[in-house]
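Breakdown of the fold
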Amino acid sequence: MTGTTAGQILQLVRSGEVSTRRELLEQTGLSRSTLTQRLAMLTAAGYLSEAAAQHSGVAGRPAKGLSFVDTDKYVLTADLGATHARLALQDAAGAILAESTSRIRIQDGPDPVLTAVLDGFAALLASAGPAARDGLCGIGIGVPGPVNVATKRLQQPPIMPGWDDHPVTTVFEARFGVPTLIDNDANLMGLGEARRFHPDVPSLLYVKVGTGIGAGLIIGGRPERGIAGGAGDIGHIRIAHPVAGAVCACGANGCLAAHASGGALVRQLTDRGIAAETATDVARLVRAGNADAIALVRTAGQLVGEVLATAVALLNPGVLVIGGSMALTHEHFLIGVRESLYERTVPLATRDLTITASALQDRAAVEGARIMVVDHVFSAAAVDARLGAT
């Protein structure tokens, strides 16, 4: 790595691979003078700091610790669901400075939803003061539909009429003047969960069961999106024994989402005369001990487990995380998932598999969005471009 650039040095420090000048010299092979010059560039630009002396474990003067300066850089994030918008203002380290949650209808189309998000972001920045606006470095958006990350456009999202190929990111870049990234919400939820709680697990499968059903596959700490952003779209896999009349939002019969999603459970409860409008209402009924809701949620978990059995056999992940509203059902949904999954897979596929509810819960997507933005804005290439460095 004798040609290590300033941006690559920052990446080494950010990743935790190195924390001192001595370690950088050993890892990069740079001369002391070149390393000093590149560290000076990063420090002057506000990317790095050298902490008080720490023990290096060898004789001589203690080494100074290098660290990424992340508490004066800010990210706006949004988790847009079928019926909710969770917005947050975070520093690059992940601390939340301000947040808000509101009801939306994603099916109303991009104009009213994005106007509400723009106004919500402006309110969060105003509440945090001028330092947050001056230090804003990027925006991350999670949406409940497939995204082509290369074009930053939604691709035929089944529950988002009017959003296909809409220039979502340009709206925010025009308003706030910072890079804006967009991805499927399940990808971001999985990313947040993997980086925060399972950083050493080679592969993690995150399944979001809310109004709809989607999955995010995280391999080596990064989402695997497929060639067009459609990876993880398990809600539209056909189940073995569909119920007549259960038509999916995509227009097909027999989709998993039409039988096991929060939206499907709302419909099933309503048919039984039990009041429920959202997936959150279903979870609330389960926690309150409603027998019908518990039974339906357990069955839905079994259906999801049937589909996941194939995914687990194919991918053999280390961790399976269940998120979304159904993760808040006092284990009832998870019990159903485990029943089907263990029944339909060989022991080798699940022997070392951890199945758990999301630890981040309703903040999973905004945390993943923050990580997505920080990885992009402070990547080696982006930093070198801003520094004009080699």
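The structure this text deals with has already been given above.
For every chain, the first residue of the written sequence is number 1, and numbering continues from 1 onward in sequence order. In view of the model being predicted, local features appear only for residues whose pLDDT reaches at least 70, and side-chain atom pairs are presented and counted only at 80 or more, with totals across whole chains, interfaces and linings using the full set of residues. Each side-chain value is worked out from all heavy atoms of the structure, with water and hydrogens disregarded.

Moving on, we come to the pattern of salt bridges. Here, a salt bridge means any Lys or Arg side-chain nitrogen found within 4 Å of an Asp or Glu carboxyl oxygen. Under the definition given, this model contains 22 salt bridges. Between R344 and E343 there is a salt bridge, with its nearest N and O atoms 3.7 Å apart. Think of it in three bands: with a 1.4 Å probe and only protein chains considered, a residue is buried below 20% of the maximum accessible area for its type, exposed above 50%, and partly exposed in between. Classification of R344 by relative accessible area gives partly exposed; the value is 40%. You can call E343 exposed: its relative accessible area is 61%.

Here we take up the packing of helix α4 (residues 110-128) against helix α6 (residues 168-176). For any two helices packed against each other, one specifies the crossing angle of their axes together with the interaxial distance. Contact geometry of α4 with α6 gives a least axis separation of 11 Å together with a crossing angle of 35°. For the element pair α4 and α6, the recorded crossing hand is right-handed. Facing α4, whose interface residues are L114, V117, L118, D119, F121, A122 and L125, α6 presents V168, V171, F172, R175 and F176. Amino acid classes used here: Ala, Val, Leu, Ile, Met, Phe, Trp, Tyr, Cys and Pro are nonpolar; Asp, Glu, Lys and Arg are charged; the rest, including Gly, are polar. Each residue belonging to the contact of α4 with α6 can be placed in one class, and the counts come to 10 nonpolar, no polar and two charged. Think of each axis as a best-fit line through the C-alpha atoms, taken over the contacting stretch in the case of a helix, with angles from 0 to 180 degrees between the N-to-C directions. Strands are runs of DSSP state E lasting at least 2 residues, helices are runs of H or I lasting at least 4, and numbering of each runs from the N terminus. Left-handed is the label given to a crossing in which the near helix is rotated counterclockwise from the far helix by less than a right angle, and right-handed is the label when the rotation is clockwise. Contacts are residue-level and defined by heavy atoms, with any inter-residue pair within 4.5 Å sufficient.

Counting buried positions along strand β10 (residues 203-209) gives seven out of seven residues, so the element sits mostly inside the fold. Of the two faces of β10, both are covered, the one formed by S203, L205, V207 and V209 as well as the one formed by L204, Y206 and K208. Note on pairing: two strands pair once DSSP finds at least 2 bridges between them. What sits between β10 and strand β11 (residues 213-219) in their antiparallel hairpin is a turn of three residues. Sheet topology note: the β10/strand β13 (residues 319-323) ladder contains five bridges and is parallel. By the bridge assignment, K208 is partnered in β13 with G323.

Bringing the side chain of D183 into the picture now. Looking at the element boundaries, D183 is found in strand β9 (residues 180-184). Classification of D183 as buried rests on a relative accessible area of 1%. Two N or O atoms form a polar contact when they lie within 3.5 Å of each other; inside protein one atom must be a possible hydrogen donor and the other a possible acceptor, and for residues adjacent in sequence the pair counts only when both atoms belong to side chains. A polar contact of 3.1 Å, which involves the side chain of D183, links it to the side chain of N187. With sequence-adjacent residues up to four places away left out, D183 is seen in contact with I141, G142, V143, V147, V149, L188, P223, R225 and M372.

Ordered in space as β12-β11-β10-β13-β14, the five strands form an open sheet in which the pairing is mixed. Edge positions in the open sheet fall to β12 (222-224) and β14 (354-357), since each of these has one partner strand only. Neighbour to neighbour, the strand axes of the sheet diverge by 25° on average, direction disregarded. By the bridge criterion, three bridges tie β11 to β12 in an arrangement that is antiparallel. Counted as the bridge partner of L217 is E224 from β12. Here helix α12 (residues 332-344) sits on the sheet in contact with β10, β13 and β14, set at roughly 160° to β14.

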